[in-house]
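Observations on the model geometry
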Amino acid sequence: MPFNGGEKRCVGEDQTSDSDSSRFSESMASLSDYECSRQSFTSDSSSKSSSPASASPPRVVTFDEVMGTARNLENMTLVHEIAVNENFQLKKDALPENSLASRVKRIVHQAYWDVLESELNADPPEYDHAIKLFEEIREILLSFLIPGSGNRLRNQICEVLDTDLIRQQSEHGAVDIQGLANYIISTMGKLCAPVRDEDIRKLKATGNIVELLRQIFHVLDLMNMDMANFLIRSFRPHFQRQLVDYERTKFQEILEETPSALDKTTKWIKESVNEELLSASETGLTPGAGTSSKPQLSPTLVLNNSYLKLLQWDYQKKEFPETLITDEARLQELTEKLNQLKIIACLSLITNNMLGAITEGLPELADRLKRVSAVLLEGMNKETFNLKEVLNSVGVQTCAEVNKTLVERGLPTLNAEVQANLVGQFSSIEKEDNPIRSLIDKRIQLYLKSLLGLPSPQKCLPPMPGGLAVIQQELEVLGCQYANIVNLNKQVYGPFYANILRKLLFGEEATGKTDASSSAN
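The residue numbers shown here count from 1 along each chain, following its written sequence. Selection of residues for local features in this predicted model requires a pLDDT of at least 70, selection of side-chain atom pairs for listing and counting requires 80 or more, and totals for whole chains, interfaces and linings are taken over all residues. Hydrogens are left out, water is left out, and the side-chain values use all remaining heavy atoms of the structure.

Considering a nonpolar patch on the surface
To be explicit about the condition: The patches reported here contain residues having more than 30% relative accessible area and no salt bridge. Joining distances are 9 Å for like charges and 5 Å for nonpolar side chains (Val, Leu, Ile, Met, Phe, Trp, Tyr). Using a 1.4 Å probe, accessible areas were evaluated by the Shrake-Rupley method; residue-level cover was limited to the displayed protein chains. Salt bridges are counted wherever a side-chain nitrogen of Lys or Arg sits within 4 Å of a carboxyl oxygen of Asp or Glu. Secondary structure follows DSSP: runs of H or I at least 4 residues long count as helices, runs of E at least 2 residues long count as strands, and numbering of each begins at the N terminus.
Together, Leu100, Val104 and Val108 make up an exposed nonpolar region whose accessible area comes to about 280 Å². Considering the arrangement of structural elements, one finds Val104 in helix α4 (residues 100–120).

Okay, structure coming up:
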């Protein structure tokens, strides 16, 4: 069977190889610190692909160009998903059970099979529809054969399902429908994946010929999906090797057809530039920055801070950068997980501060309290989720778990004042400006920022800041997934980011204008 040798390949977390790192350092050479690489941002040697805008007047975009851009984006997104998502597979579309489309489809299909049954039961039988079915089945079976191989089986399929011969037999009433169906089932058994063996056995047990043909088509549809997913697994290593060059080329095609294709990305980076400029002007600690000159910012720092903003993104209201659209769903999922981890860390910190003397030396209690918090906080990113109400419930449940442990050890339970204070502090975390919430958020941001500064985060993780021990394992996994997305994105879009940062940070040199500050405002 063609699927037996299809070994599943996984991307894993360590997606960036050493060779990829060297390629990244080439494409991102202009994103090293200002002191080392200012010249690369002010030279005219940048590649064509890094130009986010043209100095020429805006041109009219035709419908064909718009459709070409859509196709390029669709292809790029699909290849990216196949390469980075080890669980990616095609699935058969299923219409909602009671939808109008589902009912219409069911009625039309039933009418077709009813017509076939009436034709085969006629006296004499009519075989026109049956012959068309056998012709279609033959083509589907042939499509499962690998080109250049299986010639013997190919010839056999063509001979047995020769529609011209079947038509001649029908004229003399000599068509063996059941025999043809049995041959088809036998051939499907040779070509299908092992997961379909049970379906083949059910086909052999089907007595009604019309129902049998109907189920044959159903199983052939499943086999088509199996074949497509087998090919996806087979091509995944190739896509992984070629992904950087492929995505960069495809995006360049999009940029040529749609000159504004980097507007949202530019806005995203510009926000970080403005924030860094504001921070530098407030602290006055930027070396070499005079009172009348713009502070000298590190392009790498600006870009990393831009990536950090993605884990605090409002996915419902803010437009997402074009260069990260292929990873938007993954980043949104990581953001939702991170928000939950933040709350769990806050709850743990409050519990330790208030009940540390009681819970110290009871790791099983800490684990139980963490599980309770995680369960109750499930789905906290939904609009209908009432965080304050849930935090109150977490507080009540925490008190109950602690009291249960104290009773088991023969110790007095928490008094009403302590319990009310604990529940109240839990509920106050709902406010984003809560001091404990702000503290945990800053420490998580510090950890993720340190992670982005490492050449290979999977091999050497940065130390975990204090107060995050309760979520250390989950945060390390999330951080590595996040770093993989960022590092791959840098490899692909490095030249584009370099040109944007050159214009935002060194506008005077890049554009020839004397008012350098205007380029960053």
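Re the packing of aromatic side chains
How we decide: Classification of ring pairs rests on two measures: the distance between centres of Phe, Tyr or Trp rings, Trp counted by its six-membered ring, which must be within 6.5 Å, and the angle between planes, read as stacked under 30 degrees, edge-to-face over 60 and tilted in between. Burial here depends on accessible area, computed with a 1.4 Å probe over protein chains only, as a share of the maximum for the residue type. Under 20% is buried, over 50% is exposed, and the range in between is partly exposed. Only when the NZ of Lys or the CZ of Arg is both within 6 Å of the ring centre and within 35 degrees of the ring normal is a charge said to sit over the ring.
Counted by the stated rule, this structure contains 11 aromatic pairs. Ring centres 6.0 Å apart and planes at 50 degrees place the aromatic pair Tyr493 and Phe496 in the tilted group. Highlighted residues: Tyr493 and Phe496, both in helix α18 (residues 472–505), separated by three residues, approximately one helical turn. Judged by relative accessible area, Tyr493 falls into the buried class, the value being 1%. The structure contains a cluster of three or more aromatic residues connected by ring pairs, namely Phe251, Trp268, Tyr307, Tyr493, Phe496 and Tyr497. Over the ring of Trp313 we find Lys318, and its NZ or CZ is 4.1 Å from the ring centre.

Considering the confidence of the model for the protein chain
Inclusion rule: Every residue gets a pLDDT, meaning the predictor's confidence in that residue, from 0 to 100. In what follows, a contact means two residues having at least one pair of non-hydrogen atoms within 4.5 Å.
Confidence in the prediction for the protein chain averages 78 pLDDT; 75% of positions are at 70 or higher. Below a pLDDT of 50 lies the segment residues 1–63, which in the model reaches 130 contacts outside its immediate sequence neighbourhood of four places, other chains included. This model gives residues 288–292 a pLDDT under 50, and the stretch forms two contacts once residues within four places in sequence are excluded.

Topic: the nonpolar core
This is how the line gets drawn: In this text, buried Ala, Val, Leu, Ile, Met, Phe, Trp, Tyr and Cys residues form a nonpolar core when linked through side-chain atoms within 4.5 Å.
Counting residues in hydrophobic clusters, the biggest one holds 78 residues, and the most contacted among them are Trp268, Ile269, Tyr307, Leu377, Leu448 and Tyr482. Looking at which element gives the most residues to this core, the answer is α18, with 15 residues. In this structure, Tyr307 is in contact with Trp268, Leu324, Leu452, Tyr482, Val486, Asn489, Lys490 and Tyr497, ignoring residues within four places of it in sequence.

Focus: the packing of helix α12 (residues 299–309) against helix α17 (residues 435–452)
Worth spelling out the cut-off: An axis is simply a line fitted to the C-alpha atoms; with a helix, the fit covers only the stretch in contact. Between two such axes, the angle follows the N-to-C directions and lies from 0 to 180 degrees. To sort the angles, those under 35 degrees are grouped as roughly parallel, those over 145 as roughly antiparallel, those from 65 to 115 as roughly perpendicular, and the leftovers as oblique. It is the rotation of the near helix from the far one that decides the hand of a crossing: anticlockwise by less than a right angle makes it left-handed, clockwise makes it right-handed. Note that Gly is not counted as nonpolar here; it falls among the polar residues with everything else outside the nonpolar set of Ala, Val, Leu, Ile, Met, Phe, Trp, Tyr, Cys and Pro and the charged set of Asp, Glu, Lys and Arg.
Where α12 contacts α17, the two axes come as close as 10 Å, and the packing angle between them is 130 degrees. By the criterion of interaxial angle, the relationship of α12 to α17 is oblique. The hand of the α12/α17 crossing is right-handed. Contacts from Leu301, Asn304, Asn305, Tyr307 and Leu308 in α12 reach Gln445, Leu448, Lys449 and Leu452 in α17. Broken down by class, the residue content of the contact of α12 with α17 amounts to five nonpolar, three polar and one charged.

Section: the side chain of Asn304
By secondary structure assignment, the location of Asn304 is in helix α12. Overall, the relative accessible area of 10% leaves Asn304 in the buried class. Filtering out sequence-adjacent residues up to four positions away, Asn304 remains in contact with Leu452 and Lys490.

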